[in-house]
Amino acid sequence: MTAVLERTAAPTTAHGGWWAKTVVAARYEYLMQVRRPAVWVVVIGLIGLRCAALFPPGFTSTTDHATLVADWANNFIQLCPIGVGAVLADRVRRESRLDLDDLLTSTPTGIGPRLWGKAIGAGAATITPVAVAWVGLLGYLIAQRGAGVIPVGLAAFAAIILPGLVFISACSVTIPHLTGPVLYRIGLFGYWIWGNMVGPRYGIPTPAGTPFEAIGEYPSGAWFHGFLLDARERGINPTGGEAVLSIAFLLLMALAALVITQLVLTKRSLS
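Not measured: the values here are computed from a predicted model. (Residues numbered from 1 in each chain as written. Predicted model: local features only at pLDDT ≥ 70, side-chain atom pairs only at ≥ 80, totals over all residues. Heavy atoms only, no water.)

(A) Region of the structure containing the overall build of the chain. Of the regular secondary structure elements, the chain holds 13 helices and 0 strands. Helices and strands in the chain line up, N terminus first, as α-α-α-α-α-α-α-α-α-α-α-α-α. Restricting the contact set of the chain to residue pairs at least 6 apart, pairs at least 24 apart contribute 73%. (Helix = DSSP H or I, 4+ residues; strand = E, 2+ residues; numbered from the N terminus. Contact = heavy atoms within 4.5 Å.)

Below is the structure:
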């Protein structure tokens, strides 16, 4: 049992401020998560599954670099957030399975730094396969189109792919504390399909095609002239301001999930 605790328990920091403790926890969580084969297999597998049937058809023949990388980004973001959320949700179950909850709560690190460190470190580790796959794609596009795709490729990753992944990562290290991992995974799958892939054409109320979706359609259309589906069905041609609103909404929801969960966990520890 001692050996298990040494391998799994987060390092403690008796001294140092909140941020120092969070950095220590984030580093530990990143190294633990990025080494898990399941993270790479699940996330890259879903990217490969979606990119096996690219949409919209024929977009790879466009001569506009911005449109090209935007439509590639749209294909990346279609399914991989489900994988990101699913593997991150397992962090809560893993700590409970090893009976580490009480041990971690009693460490000097504290609930806040451990929660935020987990969100930053484990979230970054789970997004790492997406970034690696994107860099590999850019390498291929550079060979085909030249170095001009680099700046728009990096910008597209930051604006189209990353906000939704940050949002899903934050939810996936917080909500399972309240619902349990299994129920969360079911809810995540349902939310992602309903809220991002079931457009208004189905006659079901959904945020798809609005600034409150997490799939990056607004930044893609407004800044990179990417293909629009659900927004176009709503008769919307996104503006730069709406794209900023879409990104800001996702980041604020991620922040809210962390703050609320920290309050709940702190209250639990005191009861």
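Structure's up, so let's keep going.
(B) Representation of the environment of Leu188 within the structure. For Leu188, the location among the structural elements is in helix 10 (residues 181–197). Of the residues examined, Leu188 reaches a relative accessible area of 5% and is grouped as buried. Placed 105 residues apart in sequence, Leu188 and Gly83 show a C-alpha to C-alpha distance of 9.9 Å. Look past the residues within four positions of Leu188 in its chain and what remains in contact with it is Pro81, Ile82, Gly85, Ala86 and Ile168. (Buried < 20%, exposed > 50% of the residue type's maximum accessible area, 1.4 Å probe, protein only.)

(C) Quick peek at the nonpolar core. Counting 51 residues, the largest nonpolar core has Trp72, Phe76, Val130, Trp134 and Ile161 as the members making the most contacts within it. Elements supplying a minimum of two residues to this core: helix 3 (37–51), helix 4 (65–77), helix 5 (80–97), helix 7 (111–145), helix 8 (149–172), helix 10 and helix 13 (240–270). (Core = buried A, V, L, I, M, F, W, Y, C linked by side-chain atoms within 4.5 Å.)

(D) Broad picture of the confidence of the model for the chain. Summary statistics for the chain give a mean pLDDT of 89 and a share of 88% for residues scoring 70 or more. Helix 8 holds the highest mean pLDDT among the elements of the chain, 98, whereas helix 1 (residues 2–8) holds the lowest, 42. Low pLDDT (under 50) marks residues 1–9, which in the prediction has 13 contacts with non-local residues, meaning those over four places away or in another chain. (pLDDT = per-residue confidence, 0-100.)

(E) Fine view of the pattern of salt bridges. Enumeration according to the criterion identifies 4 salt bridges in this entry. Among the ionic pairs, Arg201 bridges to Asp230, the shortest N-O distance being 2.8 Å. Residue Arg201 is located in the loop between helix 10 and helix 11 (217–224), and its partner Asp230 is located in helix 12 (residues 230–233); the two are separated by 29 residues in the primary sequence. For Arg201, a relative accessible area of 40% corresponds to the partly exposed category. Residue classification places Asp230 among the buried positions, given a relative accessible area of 5%. Ionic contacts of the salt-bridge type, sharing partners, join the residues Arg36, Asp90 and Arg185 into one network. (Salt bridge = Lys/Arg side-chain N within 4 Å of Asp/Glu carboxyl O.)

(F) Local environment of helix 2 (residues 18–34). The first and last C-alpha atoms of helix 2 sit 24 Å apart over 17 residues, in line with the 24 Å expected at 1.5 Å per residue. Here helix 2 has its buried residues at Lys21, Thr22, Ala25, Ala26, Tyr28, Glu29, Gln33 and Val34. (Expected span 1.5 Å × (residues − 1).)

(G) Inspection of the packing of helix 3 against helix 4 at higher detail. At a closest axis distance of 8 Å, the pairing of helix 3 and helix 4 adopts a crossing angle of 125°. By the angle class used here, helix 3 and helix 4 are oblique. Considering the relative orientation of helix 3 and helix 4, their crossing is right-handed. Counted together, Ile47, Arg50 and Cys51 of helix 3 and Trp72, Asn75 and Phe76 of helix 4 form the full contact between these two elements. Taken together, the residues of the contact of helix 3 with helix 4 sort by class into 4 nonpolar, 1 polar and 1 charged. (Axes fitted to C-alpha atoms, helices over the stretch in contact; angles between N-to-C directions. Parallel < 35°, antiparallel > 145°, perpendicular 65-115°, else oblique. Left-handed = near helix turned anticlockwise from the far one by under 90°. Nonpolar A, V, L, I, M, F, W, Y, C, P; charged D, E, K, R; others polar.)

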